[in-house]
Amino acid sequence: MSRPTVGEVALEVGGPGSGPAGVAAAHWLGLTTQVPATFEAAVPTRVPKGWEAVRFSQRSLGRLLRELWPTEVALIEVLRAGPAVVEHPWAAVAVAVGGLVDRGEMRPRLVDEQIGDEPHVETRRRWSDLIGSTPPLAMSLTI
């Protein structure tokens, strides 16, 4: 049995609705090969203190209430950070999301609900653009 990664421990400490953020989120989704020296985690509760290897950011409680999976949180965080954390063309995000939906690793309706509550305007705009450029995703939100 191998030891858990820093990221796995951070998400366990963060609890339900937690997920990677920043470059860690892009890496989680396969949108960059960069591995951050400090794992970034977005948590829907109080930020845990005393961690040197992890930088926690407090986010919306809705992520906890909707019981978002780490992959869903990673997508929201990539949308929040924008193209700066993705080493591929931004269109690769649509391809990645399509694969996540096809494999059942993302629930588009819950992500859509959460993004509607996100205070970060660019996150909502990027999600809207993503839906418009990914017909299967748009269809999964209307069914």
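Residues numbered from 1 in each chain as written. Predicted model: local features only at pLDDT ≥ 70, side-chain atom pairs only at ≥ 80, totals over all residues. Heavy atoms only, no water.

## Concerning the nonpolar core
Our working rule: Among buried residues, those of type Ala, Val, Leu, Ile, Met, Phe, Trp, Tyr and Cys that are joined through side-chain atoms within 4.5 Å constitute a nonpolar core. A simple rule labels every residue: compare its accessible area, found with a 1.4 Å probe on the protein chains alone, to the largest value its type can have, and call it buried under 20%, exposed over 50%, or partly exposed in between. To qualify as a helix, a DSSP run of H or I must reach at least 4 residues; to qualify as a strand, a run of E must reach at least 2; elements of each kind are numbered from the N terminus. Contact criterion: two residues are considered in contact whenever any of their non-hydrogen atoms come within 4.5 Å of each other.
L31, L75, V78, V93, M106, W127 and L130 are the most contacted members of the largest nonpolar core, which totals 28 residues. When contributions to this core are tallied by element, the ones reaching two or more residues are α2 (22-28), α4 (70-81), α5 (91-102), α6 (108-117) and α7 (121-133). With 6 residues, α4 is the largest single contributor of residues to this core. Ignoring any residue separated from it by four or fewer positions in sequence, one finds L130 in contact with L79, V93, A94, V97 and L137. Ranked by size, the runner-up nonpolar core spans 8 residues in total, among them F39, A41, V43 and V54.

## Some details on the sheet that holds strand β3 (residues 54-58)
Formally: When DSSP finds two or more bridges between two strands, those strands count as paired. Axis definition: a line fitted to C-alpha atoms, limited for helices to the stretch in contact. Angles are taken between N-to-C directions and run from 0 to 180 degrees.
Read across the sheet, 3 strands follow the order β1-β2-β3 without closing on themselves; strand pairing throughout is mixed. The open sheet is flanked by β1 (19-20) and β3, the only strands paired with a single partner. Examined bridge by bridge, β1 and strand β2 (residues 39-43) share 2 bridges and lie antiparallel to one another. Paired with P20 across the bridge in β2 is A41. The strands that helix α1 (residues 6-14) touches are β1, β2 and β3; relative to β2, the one it contacts most, it runs at about 20 degrees.

## Thoughts on the side chain of R126
Rules: A 3.5 Å cut-off defines polar contacts: any pair of N or O atoms within that distance qualifies, except that in protein one atom must be a possible hydrogen donor and the other a possible acceptor, and neighbouring residues in sequence count only when both atoms are side-chain atoms.
Its location among the elements puts R126 in helix α7. R126 sits in the buried class, given a relative accessible area of 13%. Of note is the side chain of R126, whose polar atom sits 3.1 Å from the backbone oxygen of R80. Excluding residues within four positions of it along the chain, R126 makes contact with L79, R80, A81, G82, P83, W90 and H120.

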